[in-house]
Amino acid sequence: MQDNFAAIPVFVAVVECESFSAAARRLGITKSAVSKRIAQLENSLGVQLLQRTTRSLSLTEAGEQYFGYARNACAVAREGEDVVTRLQGQPQGCLRISVPMVFGRLHVAPLIPRFLAACPDVEITMMMDDQVVDLVDGGFDLAIRIGQLADSSLIARRIAPCHSLLCAAPAYLACYGTPTDLEQLSRHNCLFYSYFRGGSEWQFEGPTGRVRFQPRGNYQVNNSEALREALLAGMGICQMPTFIVGDDIAQGRLIELMPAYRLPEHAIYAVYPQRKYLPAKVSAFVDFLLAQLGGDQPYWDVPRQ
């Protein structure tokens with residue numbers, strides 16, 4: 001029976017991740033260890049919980065019934081851990097974070113050593129990915145999200161504004177001219193971020209109100225740093241967040257274009273699942289981000305002297 005209790009979070013992870021490999025990554029153990037735990041659980045219960053094929057994984061009827069209780073047991077156990085860590089006051093335990101690739105590399109990863117030095121009892125597992133992940137299914141305590149947030153049960157705290165602008169390299173503008181309105185922009189090579197959740201159109205608040213523009217060009221890519229490299233190489237024009245190109249603008253490597261056509265303003269949020277007792281490790285990290293990045297003018301938007 002004691003082995004069954006140890007196998008419950010493994011079983012829940014397998015079902016939520018829909019694979020043994022993904023569950024192993026979430027739990028930080030090997031795939032063979034996951035398989036062994038599930039086999040021991042099924043042998044102990046005397047029933048098959050999972051239907052396995054080379055391509056799919058599904059619950060049996062017994063597995064569906066058991067999963068409901070197992071999931072609730074894990075939730076109760078997590079709530080108990082939250083209560084205990086709050087009583088102890090000191091942030092501790094493994095903090096699993098999901099962050100966008102470029103923002104995470106530029107602005108979150110450099111802060112991790114300082115946070116861990118201040119909270120030595122915390123361990124961090126951080127996944128950098130531009131795809132939006134499900135925090136609950138992925139077993140994450142916290143995520144950084146940029147842009148408009150979809151309605152959900154997640155709790156969101158605003159960390160900082162996210163400003164974007166149109167820009168290009170001086171070399172590109174010297175060759176092809178500097179557009180001052182949308183009609184001129186339509187004749188330029190526009191580079192595009194292919195994961196943009198707002199769709200393929202660019203939206204502007206122009207002199208006469210909100211307008212839409214369909215960018216056309218010879219390069220789309222799902223990584224903003226690759227777009228920055230293309231901009232610096234003089235390939236075209238792109239809309240970019242200032243947390244990536246703020247220093248390039250300040251140093252003259254890129255030129256802001258069409259300031260009369262403002263791009264929508266977004267924000268950077270820390271989001272986390274709604275829990276009765278917020279773990280100290282989560283609140284400590286969010287407070288740390290607010291202290292380092294927060295404010296109406298984050299450091300990447302501060303004009304250089």
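Described below are features of the structure shown in this document. These numbers come from a predicted model, not from an experiment.

Applying the stated criterion across every chain, the model contains zero disulfides. There is no disulfide at C119, and the cysteine sulfur nearest it, in C94, is 14 Å away. Residue classification places C119 among the buried positions, given a relative accessible area of 8%. Unpaired in terms of disulfides, C167 finds its nearest cysteine sulfur in C238, a separation of 6.7 Å. Since its relative accessible area comes to 0%, C167 is described here as buried.

A separate point is helix α12 (residues 280–293). For α12, with 14 residues, the first-to-last C-alpha span of 20 Å sits near the 20 Å given by 1.5 Å per residue. Those residues of α12 that fall on the buried side of the exposure criterion are A280, K281, V282, A284, F285, V286, F288, L289 and L293. One or two steps after α12, the chain reaches G295, where phi turns positive at roughly 115°.

F103, L142, I159, M240, I268 and F285 are the most contacted members of the largest nonpolar core, which has 41 residues in total. Not counting residues up to four positions away in its chain, the partners in contact with I268 are F103, I144, R145, I146, R157, R158, I159, A160, P161, C162 and W300. Formed by 21 residues, the second largest nonpolar core is a distinct cluster that contains V10, A13, L49 and A70.

Counting through the fold element by element, L182 comes out in helix α9 (residues 182–185). C-alpha of L182 to C-alpha of V34: the two residues are 148 residues apart in sequence and 56 Å apart in space. With near-sequence residues (within four places) excluded, L182 lies in contact with F204, V211, F213, M258 and Y261.

Examined against the element boundaries, S98 turns out to sit in strand β3 (residues 93–99). In this structure S98 touches M127, V133, F140, L142, A143 and I144, once residues within four positions along its chain are discounted.

Right, let's get into helix α10 (residues 224–232). Among the residues making up α10, those that are buried are S224, L227, A230 and L231. In an axial view of α10, the angular spread of the buried residues amounts to 110°, which keeps them on one side of the axis. The opening residue of α10, the one whose side-chain oxygen lies 3.0 Å from the backbone nitrogen of E225, is N223. Downstream of α10 by one or two residues, G234 has phi in the positive range, about 80°.

All chains considered together, the criterion is met by eleven salt bridges. Here R228 and E229 are joined by a salt bridge, their closest N and O atoms 3.2 Å apart. A relative accessible area of 22% means that R228 is categorised as partly exposed. The partner of R228 in a salt bridge is D248, with the nearest N and O atoms 2.6 Å apart. Taken together, the positions of R228 in helix α10 and D248 in helix α11 (residues 242–251) put the pair 20 residues apart, joining distant regions of the chain. Residue D248 is classed as buried on the basis of its relative accessible area of 1%. Because the salt bridges share partners, they merge into one network encompassing R228, E229, D247, D248 and R253.

What counts and how
Residues numbered from 1 in each chain as written. Predicted model: local features only at pLDDT ≥ 70, side-chain atom pairs only at ≥ 80, totals over all residues. Heavy atoms only, no water. Disulfide = S-S within 2.5 Å. Buried < 20%, exposed > 50% of the residue type's maximum accessible area, 1.4 Å probe, protein only. Helix = DSSP H or I, 4+ residues; strand = E, 2+ residues; numbered from the N terminus. Expected span 1.5 Å × (residues − 1). Core = buried A, V, L, I, M, F, W, Y, C linked by side-chain atoms within 4.5 Å. Contact = heavy atoms within 4.5 Å. Arc of directions from axis to C-beta. Polar contact = N/O pair within 3.5 Å; in protein donor to acceptor, adjacent residues only side chain to side chain. Salt bridge = Lys/Arg side-chain N within 4 Å of Asp/Glu carboxyl O.

Structural measurements only, silent on function.
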